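Letter by letter, the chains look like this.
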Amino acid sequence: MAAAQFDRVADFLNLNDELRERCKWPKRLISVTMPVKLDSGEVKVFFGHRVQHHLTRGPVKGGLRYHPAVDLGEVAALAMWMNWKCALMDLPYGGGKGGITCDPRSMSIGELERLTRRFTMEILPFIGPEIDVMAPDMGTNEQTMAWITDTYSTHAGYLVPSIVTGKPLGLQGSAGRAQATGHGVAFLASSALHKNNLPVEGASAVIQGFGNVGSHTAYTLASYGVKIRGISDVQGAIWHDRGLDVHALREHVAKTGTVVGFANAEPIDPDQLLCQPCDVLAPCALDRVITGDNAGKLQCKILAEGANGPTTPEADAVLDQRGDIHVIPDILCNAGGVTVSYFEWVQNFQHFQWTEREVLSKLETMLQRSFEKVTSFAARQGVSQRVAAQSIAIKTVADAKAQRGMFP
Ligand SMILES: NC(=O)C1=CN([C@@H]2O[C@H](COP(=O)(O)OP(=O)(O)OC[C@H]3O[C@@H](n4cnc5c(N)ncnc54)[C@H](OP(=O)(O)O)[C@@H]3O)[C@@H](O)[C@H]2O)C=CC1
Ligand SMILES: O=C(O)CCC(=O)C(=O)O
């Protein structure tokens, strides 16, 4: 998907062959195997990857994912999207992504800690605050980042907080990072509602996923007066026509580990959930969930892509043809996370802590600026929001590569 999207935009931008090749291929692909002792005493070998798409505009930045379906191809695609996301937001970074093929839900905390520390040791020569800075993604969290910080710092001999972002506050994490991605998804959904002359208060939303991104999208939208009608997780989906009480749902999930069984809601088929009438549909879990099969059935006005790669190229063709849904493409919609990661990295170098208010207000200014850039490019050039966002990003990277020149 990422390569097909790149080719389409490279054609649109008329990129010459040399820049095409330089922009398309990742700079480094690092794959490691890690023997880890399980609680049972058995030693299991895990596979992990870190793909550094490029370092042209600064250090590699991007999350680390733990999921059973992780493979090198997926990580490489996510790294390419990360590099466009950083360029679109004008962050001084290249792009990268990491992943370990594992099922974090079935592993103990001790097993996850040993796996994370071993992965950090294996890739130690390739990371650093000015080289490659990881952050949480699907299946990882601030605890994972704390273990990476500790492993790296133990090796350095002093605390190096700028080695990762998305750390706990006590280890110089940033206020606002935990909610940043979902906050940004909700903020941009409200910008898109405004842009399309639709009211925010009283609007309705459906969200796929209730992890970091989905839950904070729900809380922030609810704080704007949006009714969250439907939410799903890996175990199922729930619905309430007049809107779910998302704060009561948070407590239910804390107790049971799933949205399923929430008292004030009806169960609904998770696939059907995506096609229910709503103003905002926010896929905030998996990739490739809006497909050629269901894109024609969507009944939303705004598609806010909280997840990376939720919409397939076949679905894009259907949505372009329909023209009645404002798509906020992933590299813009979920860029709140990496933007506050950038703020965290800057604070770590300054040895200074900003307040949550400062962080979220700077975040909203930067997101709104990129939103306006993308919507006006799309209107001016008569292209989709996705092509507009990717064109701005790929041109930024291509220009930087051209400016740096060619090493003889
Ligand atoms: N964390 C971040 O800052 C950023 C994340 N993203 C992207 O957002 C997406 C979600 O990441 P994040 O929230 O961090 O991940 P989490 O691991 O915190 O949450 C993932 C959520 O997806 C749910 N899920 C998994 N499979 C399904 C399914 N088949 N149907 C419905 N829900 C499902 C999980 O359910 P359950 O709880 O039951 O396991 C969980 O609620 C990913 O694409 C990620 O790359 C993008 C930018 C930044
Ligand atoms: O915060 C970061 O550095 C990266 C977040 C991420 O992985 C993403 O935006 O997909």
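Predicted model only: the values in this text are computed from it and were never measured.

Some points on the site of ligand 2
Within the structure, ligand 2 sits among 13 residues, and Lys61, Gly63, Lys85, Lys97 and Ser341 are positioned closest to it. Contact with the protein chains removes 95% of the 290 Å² of surface that ligand 2 exposes when unbound. Taken together, the elements giving at least two residues each to the shell around ligand 2 come down to strand E3 (60-67), helix H3 (72-88) and helix H12 (336-350). For the shell around ligand 2, a count of residues per class yields three nonpolar, five polar and five charged.

Focus on the pattern of salt bridges
Enumeration over the complete set of coordinates arrives at 21 salt bridges. Here glutamate 18 and arginine 22 are joined by a salt bridge, their closest N and O atoms 3.1 Å apart. Pair noted here: glutamate 18 and arginine 22 are both in helix H2 (residues 17-24), with a separation of four residues, about one helical turn. We classify glutamate 18 as partly exposed; its relative accessible area is 43%. The salt bridge partner of glutamate 305 is arginine 386, with a shortest N-O separation of 2.8 Å. Of this pair, glutamate 305 sits in the loop between strand E11 (302-304) and helix H10 (313-322) while arginine 386 sits in helix H14 (residues 385-404), placing them 81 residues apart in sequence. Arginine 386 shares its class with glutamate 305; the two are buried.

Concerning the pairing of strand E5 (residues 132-136)
Taking burial as the measure, the five residues of E5 include four buried ones, the bulk of the element. Bridging between E3 and E5 involves five bridges; their strand directions are parallel. Each bridged residue has a counterpart across the sheet, and for leucine 64 the counterpart in E5 is proline 136.

Quick look at the site of ligand 1
With respect to spatial proximity, 24 residues lie near ligand 1, and among them Arg65, Arg105, Asp137, Thr181 and Asn308 are the closest. For ligand 1, an oxygen atom lies 2.8 Å from a polar atom in the side chain of threonine 181. Within the backbone of valine 213, an N or O atom sits 2.9 Å from an oxygen atom of ligand 1. Taking 900 Å² as the accessible area of ligand 1 by itself, protein coverage stands at 85%. The set of elements that each furnish at least two residues to the shell around ligand 1 consists of helix H6 (177-195), helix H7 (212-223) and strand E7 (227-233). Across the shell around ligand 1, the residue classes tally to nine nonpolar, ten polar and five charged. Both domains that furnish three or more residues to the shell around ligand 1 are identified here as domain 1 (26-170) and domain 2 (180-333).

Considerations on the UniProt feature "active site" (unreviewed entry) in the protein
Per the UniProt record, "active site" (unreviewed entry) is found at Lys97. Locating lysine 97 in the fold gives a position in strand E4 (residues 95-101).

A short note on the side chain of threonine 116
Secondary-structure assignment places threonine 116 in helix H4 (residues 109-123). The exposure class of threonine 116 is buried, given its relative accessible area of 1%. From its side chain, threonine 116 meets the backbone oxygen of leucine 112 in a polar contact 2.7 Å long. With sequence-adjacent residues up to four places away left out, threonine 116 is seen in contact with Tyr66, Thr144, Trp147 and Ile148.

Concerning the sheet that holds E5
In spatial order, the strands read E1-E2-E4-E3-E5; together these five strands make up an open sheet with mixed pairing. Edge positions in the open sheet fall to strand E1 (28-37) and E5, since each of these has one partner strand only. Averaged over all adjacent pairs, the angle separating strand axes in this sheet is 25°, with direction ignored. Pairing analysis gives four bridges linking E3 to E4, with the strands arranged parallel. Residue leucine 64 lies in a different strand from E4, and its bridge partner there is glycine 98.

Examining the domain arrangement of the protein
Split by domain assignment, the protein resolves into domain 1 (26-170) and domain 2 (180-333). Taking only C-alpha atoms, the centre of domain 1 and the centre of domain 2 are 27 Å apart. Taken residue by residue, the interface counts eleven residues in domain 1 and ten residues in domain 2. Between domain 1 and domain 2 the total buried area reaches about 870 Å² when both faces are included, carbon and sulfur atoms providing 59% of it. For the interface between domain 1 and domain 2, the tally reads zero salt bridges. Across the domain 1-domain 2 interface, the total number found is one residue pair in polar contact (both at pLDDT 80 or more). Residue contributions to the side of domain 1 that touches domain 2 peak at six residues, all from H3. Residue classes in the side of domain 1 that touches domain 2 are distributed as five nonpolar, no polar and six charged.

Things to note about the confidence of the model for the protein
Of all residues in the protein, 100% have pLDDT values of 70 or greater, and the mean over the chain is 97. Scored by ipTM, the complex comes to 0.98, with pTM at 0.97.

Overview of the UniProt feature "binding site: NAD(+)" (unreviewed entry) in the protein
Summarizing the sequence annotation, UniProt attributes the feature "binding site: NAD(+)" (unreviewed entry) to Thr181 and Asn212 in the numbering used throughout. Spanning 32 residues, the annotated positions come together in the fold, the maximum distance between their C-alpha atoms being 8.0 Å. Inspection of the secondary structure puts threonine 181 in helix H6. Residue threonine 181 is classed as buried on the basis of its relative accessible area of 7%. Ignoring any residue separated from it by four or fewer positions in sequence, one finds threonine 181 in contact with Asn212, Val213, Cys333, Asn334, Gly336 and Gly337. Mapping asparagine 212 onto the fold places it in helix H7. Dropping the residues within four chain positions of it, asparagine 212 is found in contact with Ala178 and Thr181.

Definitions and cut-offs
Residues numbered from 1 in each chain as written. Chains lettered and ligands numbered in written order. Predicted model: local features only at pLDDT ≥ 70, side-chain atom pairs only at ≥ 80, totals over all residues. Heavy atoms only, no water. Near = heavy atom within 4 Å. Areas by Shrake-Rupley, 256 points an atom, 1.4 Å probe, with all protein chains shown as cover. Helix = DSSP H or I, 4+ residues; strand = E, 2+ residues; numbered from the N terminus. Nonpolar A, V, L, I, M, F, W, Y, C, P; charged D, E, K, R; others polar. Salt bridge = Lys/Arg side-chain N within 4 Å of Asp/Glu carboxyl O. Buried < 20%, exposed > 50% of the residue type's maximum accessible area, 1.4 Å probe, protein only. Pairing = 2+ DSSP bridges. Polar contact = N/O pair within 3.5 Å; in protein donor to acceptor, adjacent residues only side chain to side chain. Domains from an automatic or database assignment. UniProt positions renumbered as here; feature names shortened; annotations may be inferred. Contact = heavy atoms within 4.5 Å. Axes fitted to C-alpha atoms, helices over the stretch in contact; angles between N-to-C directions. Buried area = accessible area lost by both parts, 1.4 Å probe. pLDDT = per-residue confidence, 0-100.

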